[in-house]
Amino acid sequence: MIIILEPDLAEHRAAVSAIRAVAERYPGVTVKPYEFRGTSHRVTEVHLLGSTGAVPVAAFEGLPGVRQVVRVSAKYRLIGRHDPAHETVGFEHNGVRIDDRSVHLFAGLCAVDTPAHVDAMMAALAREGIVTTRMGAYKPRSSPYDFQGLGKECLPWVFETAGRHGIRLIAMETTDASHLDEIWQALERAGHPTAVMVQIGTRNAQNYELLKQIGRQQEFPVLFKRGMGITLEESLNACEYVASEGNPRIMFCLRGVKSHLGEPHRNLVDFAHVPVVRRQTRLPVCVDPSHSVGSSSRAPDGLPDIFHAAGQGIVAGASAVLVDFHPHPERALCDGAQALTLDMLGPLVEHVQRVRAAYEASVAAIASGSQPAQASA
Ligand code: PEP
Ligand code: MN
């Protein structure tokens, strides 16, 4: 059972105590409050766990500060949608608001290699006015003989360079809980010139100990990448693990699923799941066209397949795109085949904006009950 308090309730502590006092009358029921911070509102939810079958909804409905009591049968207690009209999607970190209202481009290096390449990448982002990037320091690779990432050694100069170029948020994969500490220490030493959103890669989508440890910290929001060989439900349950440990600041990223039926693409593009994730959860949704498609090849229309896949994700309602770039893809130590060159950054930004505008126009047309202009003409 979930008891939702009035938004921005000043007396939320007193309201939680009153709920606790009532809940204590029922044996086997435990109380866990959670706080969700949106753009303009803070909402407290009190979750009753355990044997709640005998607990009547009415026991809480009249309590001061209680707006709604929901008996959840839904399995996604924390990430799920229970009250769509009032729930807020997303979170803010280091001044960057990640939600469903605008699109962010996390363009950057799959794997950090040299200071010059990181600098060139971030300078290109700064020229486009982009403050978000991706930088892989810890790389989970299929072969132990492949480049494993520079690890913590590169963090000081990656963070310094980010700060110099006004980059506010870096998506960075962690493959072990000790990396959280290494990243935090490096940010502290550098004086927090930027911030990190920790990425849980597809290979760790069911590494439950890592999920729990990442869920237990509050410093970093999380970019969770769908497991490549598991169902959407299993991936969403993995996010629920992170949230249930205390960190609901999660963005869900579709990145294709492993199937030879996707060939010649690296993975079978699964971006038709964007609206499903948005309907079932309140997580902002990202797409990763680079790891989905796996190559920088272009279609006869001149657009790389990665542009097409990014467009498919955005037109489906995604609000972030994670994409691999490299100043010299032929020299990249990881995933060079799918890296776009820096001259494609401006065109990608424009492509993303055009597709997002088309998506927003379609949403507005449906909402107003009118037909899109062209369709009625
Ligand atoms: C990545 O984004 O660097 C990555 C390894 O992606 P995935 O976990 O989706 O394969
Ligand atoms: Mn990669």
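For the structure, check the block above.
Rules and cut-offs
- Residues numbered from 1 in each chain as written.
- Chains lettered and ligands numbered in written order.
- Predicted model: local features only at pLDDT ≥ 70, side-chain atom pairs only at ≥ 80, totals over all residues.
- Heavy atoms only, no water.
- Phe/Tyr/Trp six-rings, centres within 6.5 Å; stacked < 30°, edge-to-face > 60°.
- Helix = DSSP H or I, 4+ residues; strand = E, 2+ residues; numbered from the N terminus.
- Buried < 20%, exposed > 50% of the residue type's maximum accessible area, 1.4 Å probe, protein only.
- Lys NZ or Arg CZ within 6 Å of the ring centre and 35° of its normal.
- Near = heavy atom within 4 Å.
- Polar contact = N/O pair within 3.5 Å; in protein donor to acceptor, adjacent residues only side chain to side chain.
- Areas by Shrake-Rupley, 256 points an atom, 1.4 Å probe, with all protein chains shown as cover.
- Nonpolar A, V, L, I, M, F, W, Y, C, P; charged D, E, K, R; others polar.
- Contact = heavy atoms within 4.5 Å.
- Axes fitted to C-alpha atoms, helices over the stretch in contact; angles between N-to-C directions.
- Parallel < 35°, antiparallel > 145°, perpendicular 65-115°, else oblique.
- Left-handed = near helix turned anticlockwise from the far one by under 90°.
- Pairing = 2+ DSSP bridges.
- Donors = N, O, S within 2.8 Å, 3.2 Å for Na, K, Ca; no water.

1. Topic: the packing of aromatic side chains
Each aromatic ring pair is described using two quantities: the centre-to-centre distance and the angle formed by the ring planes. Applying the stated criterion across every chain, the model contains three aromatic pairs. Relative to Phe220, the ring of Trp184 lies with its centre 5.9 Å away and its plane at 75 degrees, an arrangement referred to as edge-to-face. Placement of Trp184 in helix H5 (residues 178-190) and of Phe220 in the loop between helix H6 (208-216) and strand E11 (222-225) is noted, with a sequence separation of 36 residues between them. Geometrically, the ring pair formed by Tyr208 and Tyr241 is tilted, given 4.7 Å between the ring centres and 40 degrees between the ring planes. Here Tyr208, found in helix H6, pairs with Tyr241, found in helix H7 (residues 232-244); they are 33 residues apart in sequence, far enough to count as distant. Using a relative accessible area of 30% as the deciding quantity, one classes Tyr208 as partly exposed. One residue, Arg282, lies across the ring of Phe36, its end atom 4.3 Å from the ring centre.

2. Brief notes about the site of ligand 1
Around ligand 1, a shell composed of Cys110, Arg134, Lys139, Glu173, Gln199, Gly201, Thr202, Arg203, Lys225, Arg255 and His291 is seen. Between ligand 1 and the protein, one listed contact pairs an oxygen atom with a side-chain N or O atom of Gln199 at 2.9 Å. Note that an oxygen atom of ligand 1 is positioned 3.4 Å from one of the side-chain N or O atoms of Arg203. Across the complex, the protein chains shield 97% of the 300 Å² of accessible surface that ligand 1 would expose by itself. When its residues are assigned to classes, the shell around ligand 1 shows one nonpolar, four polar and six charged.

3. Some thoughts on the environment of Val293
Structurally, Val293 is set in helix H9 (residues 289-293). Owing to a relative accessible area of 1%, Val293 belongs among the buried residues under this scheme. Spatially, the C-alpha atom of Val293 lies 26 Å from that of Leu211, the residues being 82 residues apart in sequence. Setting aside residues no more than four positions away along its own chain, Val293 makes contact with His265, Arg266, Val269, Asp305, Ile306 and Ala309.

4. As for the packing of H6 against H7
It is the contact of H6 with H7, at a shortest axis distance of 7 Å, that shows an interaxial angle of 40 degrees. Judged by the angle between their axes, H6 and H7 are oblique. Taken as a pair, H6 and H7 cross one another with a handedness that is right-handed. Across the interface between the two elements, Tyr208, Leu211, Lys212 and Gly215 from H6 touch Ala238, Tyr241 and Val242 from H7. Grouping the amino acids of the contact of H6 with H7 by side-chain chemistry returns five nonpolar, one polar and one charged.

5. Things to note about the sheet that holds strand E2 (residues 29-37)
As summarised here, the arrangement of the four strands in space is E2-E3-E1-E4, forming an open sheet in which the pairing is antiparallel. Edge positions in the sheet fall to E2 and strand E4 (66-70), since each of these pairs with one other strand and no more. Within this sheet the neighbouring strands show an average axis-to-axis angle of 20 degrees, counted without direction. Where E2 and strand E3 (residues 42-50) come together, nine bridges link them in antiparallel fashion. By the bridge assignment, Thr30 is partnered in E3 with Leu49. The sheet strands contacting helix H1 (residues 12-23) are strand E1 (2-5), E2, E3 and E4, and the helix crosses E3 at an angle near 15 degrees.

6. Overview of the coordination of the manganese ion (ligand 2)
Taken together, the protein donors to the manganese ion (ligand 2) comprise Cys110 (SG), His291 (NE2) and Asp335 (OD), at separations of 2.0 to 2.3 Å. Coordination of the manganese ion (ligand 2) draws on donor residues from a single chain, spaced C-x180-H-x43-D in sequence. Remark: His291 occurs in helix H9 and Cys110 occurs in the loop between strand E7 (104-108) and helix H3 (115-127); sequence separation between them is 181 residues. Since its relative accessible area comes to 4%, Cys110 is described here as buried.

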